[in-house]
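# Structural overview for review
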Amino acid sequence: MKISVLGCGRWGSFIGWYLVRHGHSVCQWGRSGKSFDQLKSGKNEYVELDPRINLTDDLRFAINHGDIIVISISAQSLRAFMSEVVKTADVKDKIFVLCMKGIEVDTGKRLSEVLKDCGISGDKIAVWVGPGHIQAFTQGQPNCMVIDSENPALVKTLADSFRSDLIRFYYGDDIIGSEIGAAAKNVMGIAAGMLDGGHFSTLKGPLMARGAREVARLIKAMGGNELSAYGLCHLGDYETTLFSEYSNNRAFGEKFVKKQPFIKLAEGAATAKAMKMLGEKYGVDLPITNAVYSILYENKDPMSEFKKMFSRSTRKEF
């Protein structure tokens, strides 16, 4: 396949590295700046630039190269970036794969919906989600991920073409659940980090159980399959997000509680705001999400907010 990867940060650089090693023709685009310059030098902190990758900062060239366009940038930048993409080149016959996790804060829209707003047909949009850290993948440690789309034929084509001994792909059939679950797991990652920072790591077990349950309720209210919350897009991603030393969201939560700076991207911070809005819109109680929101945006004391959940009235588990 001829694939263009738009974005050369952490995940973008890995995707280019992964796809070219498995037989695809890869053009990698990045905007001139720190991430692009690092990769242009031959490597960044995650991967070495494979010489078979055509690295460019020319967006038109990159779009025209690929039949498949993989996007891996900050979720909150997607709408503005797609406006630039559709003005730069003809994309009507392109397949778009979103390898990013988030919900647009201003609108509460899933990222595939943002692409639709920018004129991309739903049957040409797929999402690539699930667990895995670049540091583990580049050491040869395998994991499983999911491709999902409104178009079942596209799901099968991409999953079959991208699969390898390093990543086993599953066919998704619930793009609502896959996108919401993947975005929401980053909020749970921040909560886990806050528990670590406050020396309440024993509560990460209940966090996993109750976090998946509140996300399942939201997915169902939005028209998706609540069981998706217990699959690879969400619960299956908890090990890499709630426990791993490589998790940006977990590290952000821990450092936030300890009042230490954190300079890397933690998508869960913006997602907490978007999920709170969705919970209110669909009438779904999201206690963990709301606790994270209150801590981040209302300056509430982290441990006090989590302890409040223990004072809630006794109820059935499911």
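Relevant structure appears above.
Residues numbered from 1 in each chain as written. Predicted model: local features only at pLDDT ≥ 70, side-chain atom pairs only at ≥ 80, totals over all residues. Heavy atoms only, no water.

### Describing the sheet that holds strand β4 (residues 68–71)
- In space, the 8 strands of this open sheet follow the order β3-β2-β1-β4-β5-β6-β7-β8, with mixed pairing throughout. Strands with a single pairing partner mark the edges of an open sheet, and in this sheet they are β3 (54–56) and β8 (167–171). Put simply, the sheet's adjacent strands are angled 25 degrees from each other on average, direction ignored.
- As judged from the 3 bridges shared by strand β2 (residues 25–29) and β3, these two strands associate in the parallel manner. The partner of W29 across the bridge, within β3, is T56.
- Along the sheet, helix α1 (residues 10–21) makes contact with β1 (2–6), β2, β4, β6 (125–129), β7 (143–149) and β8, crossing β2 at roughly 165 degrees. (Pairing = 2+ DSSP bridges. Helix = DSSP H or I, 4+ residues; strand = E, 2+ residues; numbered from the N terminus. Axes fitted to C-alpha atoms, helices over the stretch in contact; angles between N-to-C directions. Contact = heavy atoms within 4.5 Å.)

### Regarding helix α9 (residues 204–221)
- Under the 1.5 Å per step criterion, the end-to-end length of α9 is 25 Å for 18 residues, consistent within 8% with the ideal 26 Å.
- On its buried face, α9 is in contact with α8 (175–197), α10 (238–243), α11 (248–257), α12 (268–282) and α13 (287–297). (Expected span 1.5 Å × (residues − 1).)

### Quick word on the nonpolar core
- Among the nonpolar cores identified, the biggest contains 41 residues, and I180, L207, L218, M275 and F306 are the most heavily contacted of them.
- Only α8, α9, α10, α12, α13 and α14 (302–308) provide two or more residues apiece to this core.
- For this core, the element with the highest residue contribution is α8, accounting for 11 residues.
- The residues touching M275, leaving out its near neighbours within four places in the chain, are I103, A184, V187, V215, L218, L286 and T289.
- Core analysis: the second largest hydrophobic core is formed by 35 residues, W11, C99, I134 and I147 among them. (Core = buried A, V, L, I, M, F, W, Y, C linked by side-chain atoms within 4.5 Å. Buried < 20%, exposed > 50% of the residue type's maximum accessible area, 1.4 Å probe, protein only.)

### A look at the side chain of H65
- In this structure, H65 sits in helix α3 (residues 59–65).
- Judged by relative accessible area, which is 15%, H65 ranks as buried.
- Once residues within four sequence positions are removed from consideration, H65 is found in contact with K2, I3, S4, S25, V26 and C27.

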